[in-house]
Amino acid sequence: MSAKPKLALSVQYADASLKDTVTRALLRRWVQAALFAPAELTLRFVDAEEGRTLNRDYRGKDYATNVLTFAYTEDQDSEVTQADIIFCTEVLVREAAEQRKTVIEHTAHLVVHGVLHAQGYDHEDDEEATEMETIETELLATLGFADPYAQR
């Protein structure tokens, strides 16, 4: 069994509504499963107002989205992945209900998704999307979660 990549993880609950459900221990487990190299990551749970502000200011999209990844080293020759990954709790909870998933299932998926983005994965075209979705599905299966892209 190969060694897990080194991880420095900070978790911030600016919106604490999921703090008792989505624990630091779960987050660390999910992040570690999606890491292919050492990383320094901050995961931050925010309300819709902060989520919307960040999405508007950095992506030009004036709405709160489920997850935003600010990757600081994906295009550099750094041996350590550095990123801030922001989760909007209101969007996350709403989407989980709409998709008939638990908050835990959906959060695990978004964490894996965000960590892959931090490492340079993207889904801008069909080929990239297929690759990223395949990796997400495989990683989530190792964590005991169903295919997040399967229709329920």
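These numbers were taken from a predicted model, which means no experiment stands behind them. (Residues numbered from 1 in each chain as written. Predicted model: local features only at pLDDT ≥ 70, side-chain atom pairs only at ≥ 80, totals over all residues. Heavy atoms only, no water.)

Explanation requested: the packing of aromatic side chains in the structure shown.
Each aromatic ring pair is characterised by the separation of its centres together with the angle its planes make. For the structure shown, the criterion picks out five aromatic pairs. Seen from their ring centres, Tyr13 and Phe45 are 5.4 Å apart, and the 15 degrees between their planes marks the pair as stacked. Taken together, the positions of Tyr13 in strand 1 (residues 7-13) and Phe45 in strand 2 (residues 39-46) put the pair 32 residues apart, joining distant regions of the chain. Judged by relative accessible area, Phe45 falls into the buried class, the value being 0%. A centroid spacing of 5.1 Å and a plane angle of 75 degrees characterise the contact between Tyr58 and Phe70, whose relative ring orientation is edge-to-face. (Phe/Tyr/Trp six-rings, centres within 6.5 Å; stacked < 30°, edge-to-face > 60°. Helix = DSSP H or I, 4+ residues; strand = E, 2+ residues; numbered from the N terminus. Buried < 20%, exposed > 50% of the residue type's maximum accessible area, 1.4 Å probe, protein only.)

Where do I start with the nonpolar core in this structure?
Across soluble globular proteins, you tend to see nonpolar side chains buried next to one another. Ranked by size, the top nonpolar core spans 33 residues in total, and within it Leu27, Trp30, Val31, Leu41, Phe87 and Val115 carry the most contacts. Looking at this core, the elements with two or more residues in it are strand 1, helix 1 (24-34), strand 2, strand 4 (81-88), helix 4 (103-118) and helix 5 (126-142). If one sorts the elements of this core by residue count, helix 4 sits on top with seven residues. The contacts of Val115, once residues within four sequence positions are left out, are Val31, Ala34, Leu35, Leu41 and Ile85. In terms of nonpolar packing, the next biggest core, distinct from the first, is built from eight residues, Val46, Leu54, Leu68 and Phe70 among them. (Core = buried A, V, L, I, M, F, W, Y, C linked by side-chain atoms within 4.5 Å. Contact = heavy atoms within 4.5 Å.)

Help me understand the pairing of strand 2 in this model?
Residues in a regular strand point their side chains to alternate faces of the sheet. With respect to burial, strand 2 is a largely interior element, six of its eight residues being buried. Across seven bridges, strand 1 lies against strand 2 in parallel orientation. Bridge pairing links Ala8 to Glu40 in strand 2. (Pairing = 2+ DSSP bridges.)

Would you mind showing me how to read the pattern of salt bridges here?
Close approach of charged atoms allows side chains of opposite charge to pair. Applying the stated criterion across every chain, the model contains five salt bridges. The closest approach of N and O atoms between Arg52 and Asp62, which form a salt bridge, is 2.8 Å. A residue pair is termed long-range when its members are at least 10 positions apart, and Arg52 in helix 2 (residues 48-59) and Asp62 in the loop between helix 2 and strand 3 (67-71) qualify at ten residues. Judged by relative accessible area, Arg52 falls into the partly exposed class, the value being 38%. Residue classification places Asp62 among the partly exposed residues on the basis of a relative accessible area of 41%. Residues joined by salt bridges that share partners form a network here, namely Arg52, Arg56, Asp57 and Asp62. (Salt bridge = Lys/Arg side-chain N within 4 Å of Asp/Glu carboxyl O.)

Looking at this structure, I do not really get the environment of Asp147. What am I missing?
Mapped onto the elements of the fold, Asp147 is located in the segment after helix 5. The class for Asp147 is partly exposed, based on a relative accessible area of 31%. Of note is the side chain of Asp147, whose polar atom sits 3.3 Å from the side chain of Thr137. (Polar contact = N/O pair within 3.5 Å; in protein donor to acceptor, adjacent residues only side chain to side chain.)

Would you mind showing me how to read the side chain of Glu136 here?
Residue placement: Glu136 occurs in helix 5. Apart from residues no more than four positions distant in its own chain, Glu136 is found in contact with His109, Val112, His113, Leu116 and Tyr149.

Hey, could you run me through the environment of Val91 in this one?
For Val91, the location among the structural elements is in helix 3 (residues 89-98). Classification of Val91 as buried rests on a relative accessible area of 4%. Between the C-alpha atoms of Val91 and Thr65, which are 26 residues apart in sequence, the distance is 6.4 Å.

Got a minute to help me understand a negative patch on the surface in this structure?
On the surface, Glu124, Asp125, Asp126, Glu127 and Glu131 cluster together to form a negatively charged patch. By the secondary structure assignment, Glu127 is in helix 5. (Patch = residues over 30% accessible without salt bridge, like charges linked within 9 Å, V, L, I, M, F, W, Y side chains within 5 Å. Areas by Shrake-Rupley, 256 points an atom, 1.4 Å probe, with all protein chains shown as cover. Lys, Arg positive; Asp, Glu negative; His and termini not counted. Charge placed at Lys NZ, Arg CZ, Asp CG, Glu CD.)

This is a description of form; function is not addressed.
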